[in-house]
Amino acid sequence: MPPHTQIQIPEHAQTVVQRLEHFGYEAYVVGGCVRDSLLGRTPKDWDVCTNATPQQVLGVFKRFHVIKTGLQHGTVTVMVNRQPVEVTTFRIDGEYTDNRHPDAVTFVSRVEEDLARRDFTINAMAYNPTRGLVDAFGGQQDLAAGQIRCVGEPDARFNEDGLRIMRALRFAARYDFAIERETAFSMRRNRHLLENVSVERIFTELKGILVGNGALGMLLAFPEIFGCIIPELVPMFGFDQRNPHHIYDVWTHTAHAVQAAPADPVLRLTMLLHDVGKPACFSVDATGKGHFYGHPGKGAVMARKILLRLKSDNDTLDRVTLLVRVHDHAFPTTRPGMRRLIGKLGLPVIEQLFAVKRADHAAQSAHEQEQKKADLRQAALLLEDVLAEPPAYSVKDLAVGGKDLIAMGIKPSPALGELLATLLRDVQEETIPNTREALLARARELL
């Protein structure tokens, strides 16, 4: 680090470092907070490493609220002004027999030994306001080069913890970095280690990869890893669409569509899975043109199964499945049609559907591209017109309700619901106004 460069440590983390130093121990902020500070980003969390043992740390902070996060592994969390600071004793890790967690740890006295156990060089830097930056593995150089590289031997790092394969992809996607050659080879070679990682952790990392600025590069460079965690993606790799609307195979189109979508987990998961049903629905007509009839419905069924297996939360599962199912549907071109669509899907889904369609189109060929853009513009304007009117999207928006019809002598029954649905349709079709008088008159007429 150049001598003029300083990391601005916030007060709560500074308090922890200064207090440990005051009691005669070494203390450094370490890991992600150093990495992000050097990149000019604001760190979310601040971690400290020290040569004080866990018991000594507890003694230094006996007047503070301390959470014994992982005492056996040398970690406690100190609360300062209601802000958490994780404090870990310098350590080296023992064997990783489960390819995820060390069987035991050994406390050491030098920060360099602690940094040597970490996953990637950009995460293996420590900083102290007095002693400056400790960068024994070229992390700052790799930040400048824009690359992710393992500390030491990549095979050893990934065999210690298979999740690091996904973490490498996430860091590369987040910062739009490349992955160093030997690290990349090792990730592909050891991808089977992901079988030892919980699906919950994999799903969390997957979402982090997808929302990154460099998601496209990772999806195209490491398809076999994504195919390892979601085998249903594999048939998409290299699948020729044989259609003038497309310039890419199914997987390459998918990767570009992911990148074109807003960086929201639901939208990017939707784009990852929107065409997963295509290979199973492929057909060729007499002219040699490829078609994928029924692929949205097929894809929705597959997407639901995939997300259930990844233990997605229900809201994400339901929304992604719905968006995959309707992603290829054309928007209505009439006001009544748009009202019905709002009643069926709801405004939040329709707004996301616009984003899905824009991303889908952005990953297609130039064929009819201007017409597609014009159609979306018209649909967006139509939606604005409809939203500017008093709402009539569902029966609850009607100026009369079930009680009004019961007062007219209609008994509570399926027929009551059918009558309300008919009144709604008449209002949406603009054959009658949405007023109490007009609706009651229409109800008497229907009766």
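For the structure itself, consult the block above.
Okay, so let's go over this structure.

**Describing the overall build of the protein**
Then comes step 1: When helices and strands are counted, the protein shows 21 helices and 13 strands.
Then comes step 2: For the protein, the spread of C-alpha atoms along the principal axes amounts to about 90 × 60 × 45 Å.
Then comes step 3: Counting over 447 residues, the protein shows a buried share of 51%.
Then comes step 4: For the protein, contacts bridging at least 24 residues in sequence account for 64% of all contacts bridging at least 6.
Then comes step 5: If you average the places of the 53 positive and of the 54 negative side-chain charges in the protein, the two averages end up 3 Å apart.

**Focus: the packing of helix α16 (residues 335-345) against helix α17 (residues 347-362)**
Then comes step 1: Viewed as axis vectors pointing N to C, α16 and α17 meet at an angle of 110°, and their least axial separation amounts to 7 Å. Between α16 and α17, the angle is such that the two are roughly perpendicular. Across the interface between the two elements, Leu341, Ile342 and Leu345 from α16 touch Leu347, Val349, Ile350 and Leu353 from α17.
Then comes step 2: In terms of residue class, the contact of α16 with α17 is made up of 7 nonpolar, no polar and no charged.

**Quick look at helix α8 (residues 181-189)**
Then comes step 1: If you check which residues of α8 are buried, you get Thr183, Ala184, Ser186 and Met187. Take α8 and look down its axis: the buried residues cluster within an arc of 165°, on one side only.
Then comes step 2: Lining the buried residues of α8 we find β10 (147-148), α6 (154-160), α7 (163-175), β11 (178-179) and α11 (223-229).
Then comes step 3: Two or three places before glutamate 182, at the start of α8, stands the capping residue glutamate 180, its side-chain oxygen 3.1 Å from that residue's backbone nitrogen.

**Side note on the layout of surface pockets**
Then comes step 1: In this model, the largest pocket occupies a volume close to 1500 Å³.
Then comes step 2: In terms of lining residues, the largest pocket is bounded by 41 residues, among which Asp47, Glu86, Arg118, Asp119 and Arg167 are the most central.
Then comes step 3: Secondary-structure elements contributing two or more residues to the lining of the largest pocket are α2 (32-38), β2 (47-50), β3 (65-70), β5 (83-89), β6 (91-93), α7 and α9 (199-210).
Then comes step 4: Broken down by element, the residue count for the lining of the largest pocket peaks at 7 residues, all from α7.
Then comes step 5: For the lining of the largest pocket, the residue count by class is 10 nonpolar, 11 polar and 20 charged.

**Quick word on the sheet that holds strand β1 (residues 27-30)**
Then comes step 1: Strands sit in the order β3-β4-β5-β2-β1-β8-β9 across an open sheet of 7 strands; the sheet is mixed. Every other strand in the sheet has two partners, leaving β3 and β9 (132-134) as the edge strands with one partner each. Between one strand and the next, the sheet's axes are offset by a mean angle of 30°, whatever the strand orientation.
Then comes step 2: As paired elements, strand β4 (residues 75-80) and β5 share 6 bridges and run antiparallel to each other. For valine 76, the partnering residue across the bridge sits in β5 and is valine 87.
Then comes step 3: Running over the sheet, helix α1 (residues 11-22) touches β1, β2, β4, β5 and β8 (126-128) and is turned about 35° from β5.

Reading the values: rules and limits
- Residues numbered from 1 in each chain as written.
- Predicted model: local features only at pLDDT ≥ 70, side-chain atom pairs only at ≥ 80, totals over all residues.
- Heavy atoms only, no water.
- Helix = DSSP H or I, 4+ residues; strand = E, 2+ residues; numbered from the N terminus.
- Buried < 20%, exposed > 50% of the residue type's maximum accessible area, 1.4 Å probe, protein only.
- Contact = heavy atoms within 4.5 Å.
- Lys, Arg positive; Asp, Glu negative; His and termini not counted.
- Charge placed at Lys NZ, Arg CZ, Asp CG, Glu CD.
- Axes fitted to C-alpha atoms, helices over the stretch in contact; angles between N-to-C directions.
- Parallel < 35°, antiparallel > 145°, perpendicular 65-115°, else oblique.
- Nonpolar A, V, L, I, M, F, W, Y, C, P; charged D, E, K, R; others polar.
- Arc of directions from axis to C-beta.
- Polar contact = N/O pair within 3.5 Å; in protein donor to acceptor, adjacent residues only side chain to side chain.
- 1 Å grid on protein atoms, 1.4 Å probe; cavity = no way out; pocket = protein on both sides within 12 Å on 5 of 7 lines; lining within 4 Å.
- Points joined across faces, edges and corners; volume = space filled by probe spheres on them.
- Pairing = 2+ DSSP bridges.

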